[in-house]
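Geometric and topological summary
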Amino acid sequence: MLDPVSRVRRFNRAVTSAVGALDTSFLGRGRPLGAARVLNAVGHGRSEVGDIRDYLGLDSGLMSRLLRSLEDEGVIETTVHANDARRRIARLTPAGRREFNAYEAISNRQAEDFLARHAQRDALLAAMDLIASALGRDGTVLHDTDPRSDAARYCLGAYYAELAQRFKQGFDVKLSRDPEARDMIRPRGTFIVAMSDGLPLGCVGLKGSGGEQAEIKRLWVAPAARGLGLGRRLMDAAESAARELGIKVLRLDTNSALAEAGQLYRRTGWSEIPRFNDDPYPDLFFEKRL
């Protein structure tokens, strides 16, 4: 039986082989993986060279060599930033756009082939999300966003679906005290989404009214990202936003079925208080003074 380290290394070898990471012509397009990843990053909207380098985890020397090779091919052009001569901007040429589109089509077909290899497609995707979230933990970024945005709605939809499964009586958002979007937009409040390379992994809302008291609402972390400290990061970010908005007292409610949420609140300085609303779902109520 393989030990845990050997199993990880087996996984690494399988992925390296399956995606063609060692091929000198990645996906048959005539360039290695590193150059293809730079082309992909630019094609997906990353333009500042420093940002691309950080996103891909490359050192400056390798980034320069990859960019030079792509420029020599005529698929990328770089220019000096209009407002800062120390920064460079990379853009796809028409030929680069054609290469990017070709990579996208081949990569999509490869992904479909991977999924077709296993009868339990959803389980395979869940495993991939779990691994990607763990490996990309340090790259997960928190963004203030409109609670009506696509990323926010994705998180809220997943959150409501989970509540419906975990609550004995189910969950119907129409019966809950669902916050108005305007109450979770600055300067009244905020809505924060955790993003990991394009995938929303969690959210939290700060519902304000313009006064010194506000509520924390809709804290959710995707199953794939649990155990990575993301819930605490989201709560810390919401509390920081509250301080910026001059909020002095925070309240929240939860249900005892969400035991991990209650544990988080107690560990981070929240105190239980009597019920403060008529929402039919919560049975635990907390407060924290900032």
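Here the structure is shown first, and the text comes after it.
In this report, we go over the structure that sits alongside the text. What you see is a predicted model, and the numbers here were worked out from it, not measured in a lab.

Further remarks concern the overall build of the protein. Secondary structure assignment for the protein yields nine helices and nine strands. The principal-axis extent of the C-alpha atoms belonging to the protein is close to 65 × 55 × 35 Å. For the protein, the proportion of its 290 residues judged to be buried stands at 39%. Long-range pairs, those at least 24 residues apart, make up 58% of the contacts in the protein with a sequence separation of at least 6. Summed over its atoms, the accessible surface of the protein is roughly 16500 Å², and 50% of this surface lies on carbon and sulfur atoms. Across the protein, the 44 positively charged side chains and the 39 negatively charged ones have centroids separated by 2 Å.

Nonpolar side chains in soluble globular proteins generally cluster together in the buried interior. Grouped together as the largest cluster of nonpolar side chains are 43 residues, with contacts concentrated most on Ile 216, Met 235 and Tyr 265. Here this core takes seven residues from helix α7 (residues 150-166), the largest share from any one element. With sequence-adjacent residues up to four places away left out, Ile 216 is seen in contact with Val 204, Gly 205, Leu 206, Met 235, Ala 238, Leu 250, Arg 251, Leu 252 and Trp 270. Leu 27, Val 38, Val 75 and Ile 106 belong to the second-largest nonpolar core, a separate cluster that totals 23 residues.

Here the focus is a nonpolar patch on the surface. Taken together, the side chains of Phe 11, Val 15, Leu 130, Ile 131 and Leu 135 make up a nonpolar region of the molecular surface, amounting to roughly 430 Å² of accessible area. At the level of secondary structure, the elements contributing two or more residues to the nonpolar patch comprise α1 (4-19) and α6 (121-135). Among the elements that line the nonpolar patch, the one with the most residues is α6, at three residues. Within the element layout of this structure, Val 15 appears in helix α1.

So, on to the packing of helix α5 (residues 94-116) against α6. Running from N to C, α5 and α6 point in directions that differ by 115°, and their axes come no closer than 9 Å. Together, Glu 112, Phe 114 and Leu 115 of α5 and Arg 121, Leu 124 and Leu 125 of α6 make up the contact between the two elements. For the contact of α5 with α6, the per-class residue count stands at four nonpolar, no polar and two charged.

Turning to the sheet that holds strand β6 (residues 213-221), a few remarks are in order. Taken in spatial order, the seven strands make up an open sheet running β3-β4-β5-β6-β7-β9-β8, and their pairing is mixed. Looking at strand neighbours, the two that pair on one side only are β3 (141-144) and β8 (271-272), the edges of this open sheet. Bridging between strand β7 (residues 249-254) and strand β9 (residues 284-289) involves six bridges; their strand directions are antiparallel. Paired with Arg 251 across the two strands is Glu 287, which belongs to β9.

This part is about the pattern of salt bridges. By the definition in use, this model includes 29 salt bridges. Here Glu 48 makes a salt bridge to Arg 87, at a shortest N to O gap of 3.0 Å. Within this pair, whereas Glu 48 is found in the loop between α2 (33-43) and α3 (49-56), its partner Arg 87 is found in strand β2 (residues 84-92), the two being separated by 39 residues in sequence. A relative accessible area of 30% means that Arg 87 is categorised as partly exposed. Arg 117 serves as the salt-bridge partner of Asp 113, at 2.9 Å between the closest nitrogen and oxygen. Taking the relative accessible area as the measure of exposure, Asp 113 reaches 38% and is therefore partly exposed. Overlapping salt bridges, with partners in common, bring together Arg 29, Arg 31, Glu 73 and Glu 99 in one network.

We now examine the packing of aromatic side chains. In total, this model carries nine aromatic pairs according to the counting rule given. Between the aromatic rings of Tyr 159 and Tyr 160, the centroid separation amounts to 5.7 Å while the plane-to-plane angle is 50°, which identifies the pairing as tilted. Among the aromatic residues, ring-to-ring pairing joins Tyr 159, Tyr 160, Phe 167, Phe 171 and Tyr 281 into one connected group. Between Arg 46 and the ring centre of Tyr 55, over which it is positioned, the NZ or CZ distance is 3.7 Å.

Between Arg 186 and Pro 187 the backbone carries a cis peptide bond, its omega angle lying at 10°. By the element assignment, Pro 187 lies in the loop between α7 and β4 (190-196). The phi angle at Leu 27 is positive, at roughly 55°, despite the residue not being glycine. Summarising the element assignment, Leu 27 is placed in the loop between α1 and α2. For Asp 197, which is not a glycine, the phi torsion comes out positive at approximately 50°.

Turning our eyes to something else, we now look at α1. The terminal C-alpha atoms of α1 lie 23 Å apart, and with 16 residues this matches the ideal 22 Å at 1.5 Å per residue to within 8%. Here α1 starts with a cap whose side-chain oxygen sits 3.1 Å from the backbone nitrogen of Val 5, and that cap is Asp 3. Within two residues after α1, Gly 20 carries a phi angle of roughly 75°, on the positive side.

Conventions we followed
- Residues numbered from 1 in each chain as written.
- Predicted model: local features only at pLDDT ≥ 70, side-chain atom pairs only at ≥ 80, totals over all residues.
- Heavy atoms only, no water.
- Helix = DSSP H or I, 4+ residues; strand = E, 2+ residues; numbered from the N terminus.
- Buried < 20%, exposed > 50% of the residue type's maximum accessible area, 1.4 Å probe, protein only.
- Contact = heavy atoms within 4.5 Å.
- Areas by Shrake-Rupley, 256 points an atom, 1.4 Å probe, with all protein chains shown as cover.
- Lys, Arg positive; Asp, Glu negative; His and termini not counted.
- Charge placed at Lys NZ, Arg CZ, Asp CG, Glu CD.
- Core = buried A, V, L, I, M, F, W, Y, C linked by side-chain atoms within 4.5 Å.
- Patch = residues over 30% accessible without salt bridge, like charges linked within 9 Å, V, L, I, M, F, W, Y side chains within 5 Å.
- Salt bridge = Lys/Arg side-chain N within 4 Å of Asp/Glu carboxyl O.
- Axes fitted to C-alpha atoms, helices over the stretch in contact; angles between N-to-C directions.
- Nonpolar A, V, L, I, M, F, W, Y, C, P; charged D, E, K, R; others polar.
- Pairing = 2+ DSSP bridges.
- Phe/Tyr/Trp six-rings, centres within 6.5 Å; stacked < 30°, edge-to-face > 60°.
- Lys NZ or Arg CZ within 6 Å of the ring centre and 35° of its normal.
- Expected span 1.5 Å × (residues − 1).
- Polar contact = N/O pair within 3.5 Å; in protein donor to acceptor, adjacent residues only side chain to side chain.

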